[in-house]
Each structure stands twice: as structure tokens, then as C-alpha cells.
Amino acid sequence: MATRFLSQLARFSRAASHGGGQLSPLSTLRKLVAPKHFSTTVLGLREKDAAFPPELLSNREVLTPDRATGQYADLLTRVTNFQSEDKGLMVLAGDVFDVPIRKDIVHRVVRWQLAKRQQGTHSTKTISEVSGTGRKPWRQKGTGRARHGTLRGPQFRHGATMHGPKPRSHAIKLQKKVRRLGLKIALSARTAEGKLIIFEDLALPSHKTKYVVSAVSEMENVKKVLLVDGGPIDTNLKLATQNIHYINVLPSIGLNVYSILQHDTVIMTRDAVNRIVDRLHTPINR
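In this convention, every chain numbers its residues from 1, walking through the sequence in written order. With pLDDT at 70 or above as the cut-off, local features in this predicted model cover only qualifying residues; side-chain atom pairs require 80 or more to be listed or tallied, and sums for whole chains, interfaces and linings still use all residues. Only hydrogens and water are set aside; all other atoms, that is, all heavy atoms of the structure, feed into the side-chain values.

### As for the packing of aromatic side chains
Here is step 1 of the chain: Centres within 6.5 Å make a pair out of two Phe, Tyr or Trp rings, where for Trp the six-membered ring is used; the pair is then stacked when the planes are under 30 degrees apart, edge-to-face when over 60, and tilted otherwise. Inspection of every chain in the model, using the stated rule, returns 1 aromatic pair.
Here is step 2 of the chain: Here the aromatic rings of Phe82 and Phe199 are separated by 5.1 Å at their centres, their planes lie at 85 degrees, and the arrangement is edge-to-face. Placement of Phe82 in the loop between strand S1 (75–80) and strand S2 (89–92) and of Phe199 in strand S3 (residues 196–199) is noted, with a sequence separation of 117 residues between them. Of the two residues examined, Phe82 and Phe199, each falls in the buried class.
Here is step 3 of the chain: Working rule: Lys NZ or Arg CZ, within 6 Å of ring centre, within 35 degrees of ring normal, means a charge sits over the ring. One cation-aromatic arrangement involves Arg145 over Trp138; the distance from NZ or CZ to the ring centre is 3.8 Å.
Here is step 4 of the chain: The ring of Tyr211 has Lys210 lying over it, and the distance from NZ or CZ to the ring centre is 5.7 Å. Under the scheme used here, helices are H or I runs from DSSP no shorter than 4 residues and strands are E runs no shorter than 2 residues, and both carry numbers assigned from the N terminus. A 1.4 Å probe rolled over the protein chains alone gives each residue an accessible area, and that area as a share of the maximum for its type sets the label: buried under 20%, exposed over 50%, partly exposed in between.

### Here we look at the environment of Ser131
Here is step 1 of the chain: As for its placement among the helices and strands, Ser131 is situated in the loop between helix H4 (103–117) and helix H5 (176–192).
Here is step 2 of the chain: Here the alpha-carbon distance between Ser131 and His158, two residues 27 residues apart in the chain, equals 8.3 Å.

### Considerations on the packing of H4 against H5
Here is step 1 of the chain: In the contact formed by H4 and H5, the axes pass within 9 Å of each other and the chain directions differ by 115 degrees. Looking at the two axes, H4 sits roughly perpendicular to H5. As for how H4 packs across H5, the hand of that crossing is left-handed. Contacts between H4 and H5 involve Ile105, Val106, Arg108, Val109 and Trp112 on the former and, on the latter, Val178, Arg179, Leu181, Gly182 and Ile185.
Here is step 2 of the chain: When residues are sorted by character, Ala, Val, Leu, Ile, Met, Phe, Trp, Tyr, Cys and Pro go into the nonpolar class, Asp, Glu, Lys and Arg into the charged class, and all the rest, Gly among them, into the polar class. Looking at the contact of H4 with H5 residue by residue, the classes come out as 7 nonpolar, 1 polar and 2 charged. For helices, the fitted line uses only the C-alpha atoms of the stretch in contact; every axis is such a line through C-alpha atoms, and the angle between N-to-C directions lies from 0 to 180 degrees. Between 65 and 115 degrees an angle is taken as roughly perpendicular, under 35 as roughly parallel, over 145 as roughly antiparallel, and anywhere else as oblique. A clockwise turn of the near helix away from the far one marks a right-handed crossing, whereas an anticlockwise turn of less than a right angle marks a left-handed crossing. Residue contacts are defined here by distance: any two heavy atoms, one from each residue, within 4.5 Å place the two residues in contact.

### Some words on the nonpolar core
Here is step 1 of the chain: Counting 34 residues, the largest nonpolar core has Phe97, Leu187, Ile198, Leu255, Ile260, Met268 and Val273 as its most contacted members.
Here is step 2 of the chain: Setting aside anything within four residues of it in sequence, one finds Ile260 in contact with Leu183, Ala186, Leu187, Arg190, Leu226, Leu255 and Val266.
Here is step 3 of the chain: Among the buried residues, those of types Ala, Val, Leu, Ile, Met, Phe, Trp, Tyr and Cys that are joined through side-chain atoms within 4.5 Å form a nonpolar core. Counting residues in hydrophobic clusters, the runner-up holds 14 residues, among them Leu202, Val225, Leu237 and Ile267.

### Describing helix H9 (residues 270–281)
Here is step 1 of the chain: Taking 1.5 Å of rise per residue, 12 residues should cover 16 Å, and H9 covers 17 Å from first to last C-alpha, within 8% of that figure.
Here is step 2 of the chain: For H9, every residue scored as buried is listed here: Ala272, Val273, Ile276, Val277 and Leu280. Seen from one end, H9 has its buried residues packed into an arc of 130 degrees, which puts them on one side.
Here is step 3 of the chain: Each element contacted by the buried residues of H9 is listed here: S2, helix H3 (94–97), H5, S3, strand S4 (225–229) and strand S6 (265–269). A helix is expected to span 1.5 Å multiplied by its residue count minus one. As used here, the arc belongs to the directions running from the helix axis to the C-beta atoms.

### Brief notes about a nonpolar patch on the surface
Here is step 1 of the chain: Think of a patch as exposed residues, more than 30% relative accessible area, with no salt bridge, where like charges cluster within 9 Å and nonpolar side chains (Val, Leu, Ile, Met, Phe, Trp, Tyr) cluster within 5 Å. Per-residue accessibility takes into account occlusion by the displayed protein chains alone, with areas from the Shrake-Rupley method and a 1.4 Å probe. For this analysis, a salt bridge means a side-chain nitrogen from Lys or Arg found within 4 Å of a carboxyl oxygen belonging to Asp or Glu. On the surface, Leu76, Leu89 and Val91 cluster together to form a nonpolar patch covering roughly 320 Å² of accessible area.
Here is step 2 of the chain: You can see Leu76 is positioned in strand S1.
Here is step 3 of the chain: The class for Leu76 is exposed, based on a relative accessible area of 60%.

### Focus: the side chain of Thr80
Here is step 1 of the chain: Along the polypeptide, Thr80 turns up in strand S1.
Here is step 2 of the chain: A 3.5 Å cut-off defines polar contacts: any pair of N or O atoms within that distance qualifies, except that in protein one atom must be a possible hydrogen donor and the other a possible acceptor, and neighbouring residues in sequence count only when both atoms are side-chain atoms. For Thr80, the side chain forms a polar contact with the main-chain oxygen of Glu85, separated by 2.9 Å.

### Details of the packing of H5 against H9
Pairs of packed helices are described in terms of their axes, by the angle between the two and the distance that separates them.
Here is step 1 of the chain: The contact between H5 and H9 brings their axes to 11 Å, and the two run at 145 degrees. Between H5 and H9 lies a crossing of left-handed hand. Across from Arg180, Leu183, Lys184 and Leu187 in H5, the residues of H9 making contact are Ile276, Arg279 and Leu280.
Here is step 2 of the chain: Residues that form the contact of H5 with H9 fall into these classes: 4 nonpolar, no polar and 3 charged.

Laid out in C-alpha cells, this is it:
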């Protein structure tokens, strides 16, 4: 490549000398490389010259397209704390925090979760359980009234309830892989919205509520916050958030789809993320 370039330079110099003109080697080099859109000017970046001339900048706002979600791509996110200090970066697993959003899966998981937590303690009394006499109220014939054998029937006041509810379980069955997928979708949705924040830890200097309130007030567009810690909840954090209606705290083992949907912002510690990823990567026992 270098030999070819030098031969072209010598040929160009000879042609210029036969034409009666004398060109310096630098001028010859500039004419040779000019058609290839190269520049021989070296721009140095000094502090006073670092700013780009404003007259050459366009006033039109340039919007970059948003990143496509649901690509199972690992995500790099910033790690901070309540004091907004930089604690480095963390990689979020793409098969947990960047899965395609499916509302039907979320709906199935929420139905399963709400049905399972329903107490089902409703109860009514049948004719054998209601209080009352077992005596026949009047004789069978001759009174002109309808025939009855007891006053505990459903047609009488204080009588029984027919086909009423009894204590039972309202739980429905849902496959474990669907439950896991619902949790992944909920986490991916908050990540795509930019509402998933990673903290190094949830340590507070005191149990005073003002520390948590001041930290949350500095966040933008935050209405309800869900704090997720890896292990047991810290005592200071529990006391500082127990009387704030828009902040709830959960351990990583208790993270669920319904709680994520109820809060527009989810703050998770680094340890909580690692534990949830390990739990979702564990093979399902069949």
C-alpha cells in the first residue's frame, strides 16, 4: 500500500514538472489526497477550544429513537443510594428484565394471586344449623294455611339460608412457569419505563421519617414507591417508612406482580436483584 502511494506521488511530481510548474512536496501531497476527502489539518483539543462554535449548531431538536424492548438483551444500569451517590454500574439479566410485555400473562397471574389470598371465611346457616324449634307449627289440615313442618325454613324470618356460601378456598391453579413469566414481565415493564432504580443498599443513618421523605421527594414523577431489599428488612428502614402511605417495603422473597403494579416506582438493592435472578434461574421441580 505504501509503495503504491509513493509511486503515485512520484508520477504526479513528474507530470507537474513537465508542465512547467514547480510544486513543493507538501503541495503535491495535498493535491494527491484532496479528491479522497482527506484533511491535512490537525485540530488540537485545548480547553479553550473544546466548545463547538454555536453558530454552526442547529437549533432543531434531534430525538433519538427509544430502545426496542423485549429483546432479551442484558442492560447496564447505574447504582446509587439514598444520598444520590454514584456506586458504580450493574448488569441486569436480559431474560429477567427485558422480556416481551404480555398483558394476558399479567392478568392471569394477578387473578391467581388475588384468588389465592382471598380468605374464604364467609358462611351461612343451613336448616339444620339455624336456631329454632323442631316442632310442627300447626296441624296439617283444617287451618286454611299452608302446610309446614318447621319454622326454620328459608321462607320464615330468622330461618335458614339455602345454597348460601360456606368456608372454602378460592385458589385457582396456575403453572409455575406462567407465574415466573408474570414476574419477569412486571419487572421488564418497570425497567422499560425507567422506573426501576438500583440502590447499593437501603441503609439509613437514623429511623427518622424525614430521611426517606427527602430522598423520595428528589425523584421525578414518583407517586408510590416499593422498596425491595435482599434479606430481612433493616430496623431503621422499617421504622422510617411504616407511617408513609406511599412507600412500602418488601424482602426479595416477597416480591410479587400485584405489588409491582400497585407502585409506579420500584427501588431494588443490588443484593435483591441478584437473589431474584437466582430464584428465576433455578430449574422448576416437576
